[in-house]
Amino acid sequence: MTDFLQVLFVGIGDGAIYAMLGLGLVVIYRSTGLLNFAQGEMAMFSTFIVWTVWDLGVPLPLAVIAGMVGGFGVGALAHQIAVRPVGDPHEKPLAVVMVTIGLFVGLNSAAQLVWGTLDRDLPPLFGSGGIEVAGVAIAWQKIGAVIVLAVLALGFYLLFQRTGLGLAMRAVASNSESASLVGVPVPKLLMLGWGLAAAVGTVAGVFTAPGRGLGSNMMQLTLIFGFAAITLGGFDSLLGAVVGGFVVGIASSVVPQYVPGFEKMPLAPAFILILAVLLFRPEGLFGRKQVQRV
Amino acid sequence: MRGLRAGYGIVEVLFGLDLDVDAGELVVVLGANGSGKTTTLRAVSGMLESRGEIVFDGRSLRGLRPDQVVQAGIAHVPQGRGTINDLTVVENLRIGAWTRRDSEVAADIDLWCDAFPRLGERRDQLAGSMSGGEQQMLAIARAFMSRPRLLLLDEPSLGLAPLVTAEVFDRLRDITDRTGTAVLLVEQNANLALDFAGRAYVLEAGEIVASGPAAQLQHDETVQKAYLGI
């Protein structure tokens, strides 16, 4: 039982990270209708910014905030110079998907160019200690990840549901032409969405780096888990990203431990989840069904 | 507007259009499918690049972005209504007031919910789940939320039952009587449109082929033949 709880808590901590990345994916899906393949690399790049600021002697929490600001800039810039010139993602979805793959490669190379190919060490944001409850050790870092995720998710919820800016972002997502006709500056809001997605990704990177080592490829596995999370939760649902993140995190931690044959395939549960959801409930747990009025 | 030319890519749709709308005037542009009606409105609202002069209140609108055109006082209800389906009725109205920064937005939402009782009954319903007529009324109410001085209205009768269309026009007439907003309407339903408007233009293949007071065009032989089916 203790062993199981231990494995469970590891899964919850990982799941919170997948959910953070998932939140960013959902924000971009809502505005473009597409998956952003560069989401993980944007997170990696801005985590390097965190590291650089921290390395200058700035306390880590402040460095994280600086990294989020930098990440916002990276996301916004990526939209302005790479995504927007290609055209309307609703008209040319494939072209924009290719651009996000290009951004993936570009950011990865840029990070290697700037910070080299050796892994850097980023200390855990919440320290390396933990608490022990009934024989189960829980790292502060895992608890911190869950709390930070809750704050981020609540922040996004309030932004989208309670502010005029969020209302405009939802309007752009639902019908960008009509939003434009009522005077909403659509390109600016799309840029804002990309910036926010990258900023929230920074946090996912900050929680990933201490365990895996801060390197240019560190977010690639996390991105696949993030895809699995939002596939399960529903591409356009923030709540879905959170729930999906935890389910994927727990499944990826528990299944290899207890199901024979999965020991050496840590990614398999996530892929099986993606496949099962797409087969039996393509809109995910909380996503909106695509209904076409004819 | 003077000598308006516009098109999509290399396809030119409008060939030098001259068209006037006075303050508070109700003007209709009649024309068949593909004559350039929608293109005309899209050129005015900045959704399309155009050549020629578009002047509103003494100010040139050329090269302005759609949001700047709205700010200038022009609202556009697109063909197919353009309600934002994933937002509720109230949210649609609120987004309609995006360019406004005053404190009367909430009061205006109540005002339009009273003016269109069907909207008032469905304040928190998603726009996408409403009937076509309700969506058309929502689209019109949303356009008025920006307090425009000119409303561009693209085929409000499209896909609506005749009774519903009549209701939409009745409501619109009440509103313009009260607000004094000028309307540039494009329509295929000539009977209704000519009853509604004071003046009319007839557009054919990107050129104006007839114009005059609506009452006069109603009795014009070519118009009757082409659009009234008499």
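Our structure's up above, just so we're on the same page.
The paragraphs below set out a description of the structure included in this document. Just so it is clear, the structure is predicted and the values come from calculations on it, not from any experiment.

**Let's talk about the overall build of chain B**
Okay, step 1: Along chain B, the regular secondary structure elements total 10 helices and 11 strands.
Okay, step 2: Looking at the 230 residues of chain B, the share that counts as buried comes to 54%.
Okay, step 3: Restricting to contacts in chain B with at least 6 residues of sequence separation, those with at least 24 account for 67%.
Okay, step 4: Taken as a whole, chain B presents about 9900 Å² of accessible surface, with 48% of it coming from carbon and sulfur.

**Considerations on unusual backbone geometry**
Okay, step 1: A positive phi is found at Ala-134 of chain A, a non-glycine position, where the angle reads about 50°.
Okay, step 2: Tracing the backbone shows Ala-134 of chain A in the loop between β1 (130–133) and β2 (136–139).
Okay, step 3: At Glu-155 of chain B, a residue that is not glycine, the phi angle is positive and equals roughly 40°.
Okay, step 4: The topology assignment puts Glu-155 of chain B in the loop between β8 (150–154) and α7 (162–179).
Okay, step 5: We classify Glu-155 of chain B as buried; its relative accessible area is 3%.

**Details of the pattern of salt bridges**
Residues and elements named next belong to chain B.
Okay, step 1: All chains considered together, the criterion is met by 17 salt bridges over all chains.
Okay, step 2: Residue Arg-118 is joined to Glu-134 by a salt bridge in which the shortest nitrogen-to-oxygen separation is 3.5 Å. Of this pair, Arg-118 sits in helix α5 (residues 117–120) while Glu-134 sits in helix α6 (residues 132–144), and the two are 16 residues apart along the sequence.
Okay, step 3: Connected through shared salt-bridge partners, Arg-100, Asp-102, Glu-104, Asp-108 and Arg-147 make up one network.

**A short note on the pairing of β2 of chain A**
Residue and element names in this part refer to chain A.
Okay, step 1: Alternating residues of β2 divide into Val-136 and Ile-138, all buried, and Ala-137 and Ala-139, none buried.
Okay, step 2: As paired elements, β1 and β2 share 4 bridges and run antiparallel to each other. Of the residues in β2, the one forming a bridge with Ile-131 is Ile-138.
Okay, step 3: Adjacent in sequence and paired antiparallel, β1 and β2 are bridged by 2 residues, among which Ala-134 carries a positive phi angle near 50°.

**Concerning the sheet that holds β8 of chain B**
Residue and element names in this part refer to chain B.
Okay, step 1: With mixed pairing, the 6 strands of this open sheet are ordered in space as β7-β8-β9-β3-β10-β11. The open sheet has two edge strands with one neighbour each: β7 (74–77) and β11 (207–213). Within this sheet the neighbouring strands show an average axis-to-axis angle of 15°, counted without direction.
Okay, step 2: Here strand β3 (residues 26–31) runs beside strand β10 (residues 199–204); their pairing, made up of 5 bridges, is parallel. When the sheet's bridge partners are listed, Val-29 is paired in β10 with Tyr-201.

**Quick word on the nonpolar core**
Buried together is how nonpolar side chains tend to be arranged in soluble globular proteins.
Okay, step 1: Formed by 76 residues in total, the largest nonpolar core has its most connected members in Met-20, Leu-23, Leu-103, Phe-156 and Val-184 of chain A together with Ile-95 of chain B.
Okay, step 2: Leave out the neighbours within four places in its chain, and Ile-95 of chain B touches Leu-167, Ala-168, Ala-171, Val-182 and Val-184 of chain A together with Ile-84 and Arg-142 of chain B.
Okay, step 3: If you look at the next biggest cluster of nonpolar residues, it comprises 45 residues, including Val-28, Ala-115, Leu-160 and Leu-194 of chain B.

The rules behind each value
Counting restarts for each chain, with residues numbered from 1 along the sequence as it is written. In the order they appear in the text, chains get letters beginning with A and ligands get numbers beginning with 1. Only residues with pLDDT of at least 70 get local features here, since the model is predicted, and only at 80 or more are side-chain atom pairs given and counted; chain-wide, interface and lining totals rely on the full set of residues. Here the side-chain values reflect all heavy atoms present in the structure, with hydrogen atoms and water set aside. Here a helix means four or more residues in a row that DSSP labels H or I, a strand means two or more in a row labelled E, and each is numbered from the N terminus. Here the term buried applies to any residue with accessible area under 20% of the maximum for its type, exposed to any over 50%, and partly exposed to those in between, with areas from a 1.4 Å probe on protein chains only. Working rule for contacts: check all heavy atoms of both residues, and any pair within 4.5 Å makes them a contact. Per-residue and other accessible areas follow the Shrake-Rupley method at a 1.4 Å probe size, with only the shown protein chains counted as cover for residues. Salt bridges, as used here, are contacts in which a Lys or Arg side-chain nitrogen is within 4 Å of a carboxyl oxygen on Asp or Glu. One bridge is not enough; two strands pair if DSSP finds at least two bridges between them. Axes, fitted as lines to C-alpha atoms, cover a helix only where it is in contact. Angles between the N-to-C directions of the axes lie from 0 to 180 degrees. For the purposes of this section, nonpolar cores are sets of buried Ala, Val, Leu, Ile, Met, Phe, Trp, Tyr and Cys residues that join through side-chain atoms within 4.5 Å.

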